[in-house]
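Here are the chains, one letter per residue:
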Amino acid sequence: MTLEEKKEALKKIAERISACSLCRLAFTRSQVVPGAGDPNSEILFVGEAPGVQEDRQGIPFCGPAGKFLDQMLESIELDRDKVFIANIIKCRPPANRDPEDDEKNLCWPYLKEQIEIINPKLIVCLGRHSMIRLVPGQGSISKIHGQPLRRPDGRIYLPLYHPSAALHNGSLRPIQMKDFQKIPQILRKIKEENKTETKVSKNQLPIF
Ligand code: SF4
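Throughout what follows, the structure given in this document is the object of discussion.

Calculation rules
- Residues numbered from 1 in each chain as written.
- Predicted model: local features only at pLDDT ≥ 70, side-chain atom pairs only at ≥ 80, totals over all residues.
- Heavy atoms only, no water.
- Helix = DSSP H or I, 4+ residues; strand = E, 2+ residues; numbered from the N terminus.
- Rg over C-alpha atoms; globule rule 2.2 N^0.38 Å.
- Buried < 20%, exposed > 50% of the residue type's maximum accessible area, 1.4 Å probe, protein only.
- Contact = heavy atoms within 4.5 Å.
- Areas by Shrake-Rupley, 256 points an atom, 1.4 Å probe, with all protein chains shown as cover.
- Core = buried A, V, L, I, M, F, W, Y, C linked by side-chain atoms within 4.5 Å.
- Axes fitted to C-alpha atoms, helices over the stretch in contact; angles between N-to-C directions.
- Parallel < 35°, antiparallel > 145°, perpendicular 65-115°, else oblique.
- Nonpolar A, V, L, I, M, F, W, Y, C, P; charged D, E, K, R; others polar.
- Expected span 1.5 Å × (residues − 1).
- Arc of directions from axis to C-beta.
- Phe/Tyr/Trp six-rings, centres within 6.5 Å; stacked < 30°, edge-to-face > 60°.
- Lys NZ or Arg CZ within 6 Å of the ring centre and 35° of its normal.
- Bend = angle between axes of the 7 residues up to and from the residue.
- Near = heavy atom within 4 Å.

**Observations regarding the overall build of the chain**
Right, so step 1: For the chain, the count of helices and strands is 9 helices and 6 strands.
Right, so step 2: Whereas a compact globule of 208 residues would reach a radius of gyration of roughly 17 Å, the chain reaches 16 Å, a difference of no more than 12%.
Right, so step 3: For the chain, the spread of C-alpha atoms along the three principal axes comes to 50 × 45 × 30 Å.
Right, so step 4: Here the chain holds 208 residues, and the buried ones make up 48% of them.
Right, so step 5: At a minimum sequence separation of 6, the contacts of the chain that also span at least 24 residues come to 70%.
Right, so step 6: Of the roughly 10300 Å² that the chain leaves accessible, carbon and sulfur atoms contribute 51%.

So, in C-alpha cells, the structure goes:
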C-alpha cells in the first residue's frame, strides 16, 4: 500500500471506531481514541486503553504516562510522529478499571486491521493487557519483558511494562529504560535478517 492508501484506510477505521457502540464503553466515553502516528512506521506501540486525558483529547498516551513514553522515545532518537501508537481498547473504561474480556474481544478487530495496514516490523506491547492479547501464552510480563518474540505472523513482538507502571514504581524505571534501549538493536537485527533472508529462530531472536 502507498502512504496515501494507508492514511485513507486508517481514516476509514477511525470513522468506524467513532461510530462504534459494540460494547458498553461507548456509553461512558467522551470520545474515541483510535490511535495516531506514522502509517508507514516500522514500529507499532500498543497500550491498554485510553485514560482520562486521552478520553478528553482523543490522542493516545497524552497524559503523564504518555510524557514518560515520549522521554523513552527521545532516548532512542525517535519521536511519536515517527511511530504509530494505539491501544487494545479504543474507549476509556470508567474510573480506569481494567477492560473486560468481552470489551477486548469486541474491540480487537479494529487493532487487527490497523496492524495489517501499517504492517510494522516490530510491535511493542505496553503492559499486561497488550501482551496477553498480542503474545498469548507466554507467562507474566515480569518474566518476559524485554525479550523479543517472533509470532506465527512473522512479526517480532517486544513485551514491555506499561509506562504508567514504570512511572509509578521507581524500581521498574531503570528496567523499562534498559528494555527500551533494545528497540534500535532489534530493528537492526530484523533488517539484517530480512536482507539475508535467514530465519534465525522460530520463536526468539538469539541475540538477547
Ligand atoms: S471500546 Fe471498542 S468495541 Fe467498545 S465501543 Fe469503543 S470502539 Fe467499540
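**Observations concerning the nonpolar core**
Right, so step 1: In this structure, F45, L69, L122, V124, L134, F180 and I183 are the most contacted members of the largest nonpolar core, which totals 56 residues.
Right, so step 2: With 6 residues, helix α4 (residues 101–118) is the largest single contributor of residues to this core.
Right, so step 3: Discounting chain neighbours no more than four positions away, the residues touching F180 are F45, L69, M72, L73, I76 and L160.

**Remarks on the packing of helix α8 (residues 173–180) against helix α9 (residues 182–196)**
Right, so step 1: For the pair α8 and α9, interaxial distance at closest approach is 5 Å and the crossing angle is 25 degrees. What the angle tells us is that α8 and α9 run roughly parallel. Note on element contacts: α9 touches α8 through K182, I183 and P184, opposite K178, D179 and F180.
Right, so step 2: Of the residues in the contact of α8 with α9, the class split is 3 nonpolar, no polar and 3 charged.

**Digging into α9**
Right, so step 1: With 15 residues, α9 ought to run about 21 Å at 1.5 Å a step, and its terminal C-alpha atoms sit 21 Å apart, in line with that.
Right, so step 2: Of the residues making up α9, those classed as buried are I183, I186, L187, K189, I190 and E193. For α9, the arc enclosing every buried residue in end-on projection is 160 degrees, short of the 170-degree limit, so these residues lie on one face. Exposed side of α9, more than 90 degrees from the buried face: R188, K195 and T196 are the residues found there.

**Quick look at the packing of aromatic side chains**
Pairs of aromatic rings are described using the distance from one ring centre to the other and the angle between the two planes.
Right, so step 1: Summed over all chains, the structure comprises 1 aromatic pair.
Right, so step 2: Over the ring of F68 we find R173, and its NZ or CZ is 5.2 Å from the ring centre.

**Some points on the environment of A166**
Right, so step 1: Within the secondary structure, A166 is located in helix α7 (residues 163–168).
Right, so step 2: Separated by 19 residues in the primary sequence, A166 and Q185 place their C-alpha atoms 22 Å from one another.
Right, so step 3: Look past the residues within four positions of A166 in its chain and what remains in contact with it is F68, L172, R173 and Q176.

**Observations concerning α4**
Right, so step 1: In this model, α4 (18 residues) spans 25 Å end to end at C-alpha, consistent with the 26 Å of a helix rising 1.5 Å per residue.
Right, so step 2: Of all the bends found along α4, the most pronounced is centred on W108 and spans about 40 degrees, while P109, a proline, follows it within four residues.
Right, so step 3: Buried residues of α4: E103, K104, C107, Y110, L111, Q114, I115, I117 and I118, and no others.
Right, so step 4: Against the buried residues of α4 lie α1 (3–18), β2 (43–47), β3 (84–87), β4 (122–126) and α5 (128–134).
Right, so step 5: N119 sits one or two residues past α4 and shows a positive phi near 55 degrees.

**Quick notes on the site of the ligand**
Right, so step 1: The ligand sits among 13 residues. The nearest are C20, C23, R29, C91 and C107.
Right, so step 2: Counting residues per element, the shell around the ligand draws most heavily on α4, which supplies 3 residues.
Right, so step 3: Of the residues in the shell around the ligand, the class split is 11 nonpolar, no polar and 2 charged.

**Quick look at the side chain of S130**
Right, so step 1: By the secondary structure assignment, S130 is in helix α5.
Right, so step 2: Contact partners of S130, with chain neighbours within four places excluded, come to V46, G47, I88, C125 and V135.

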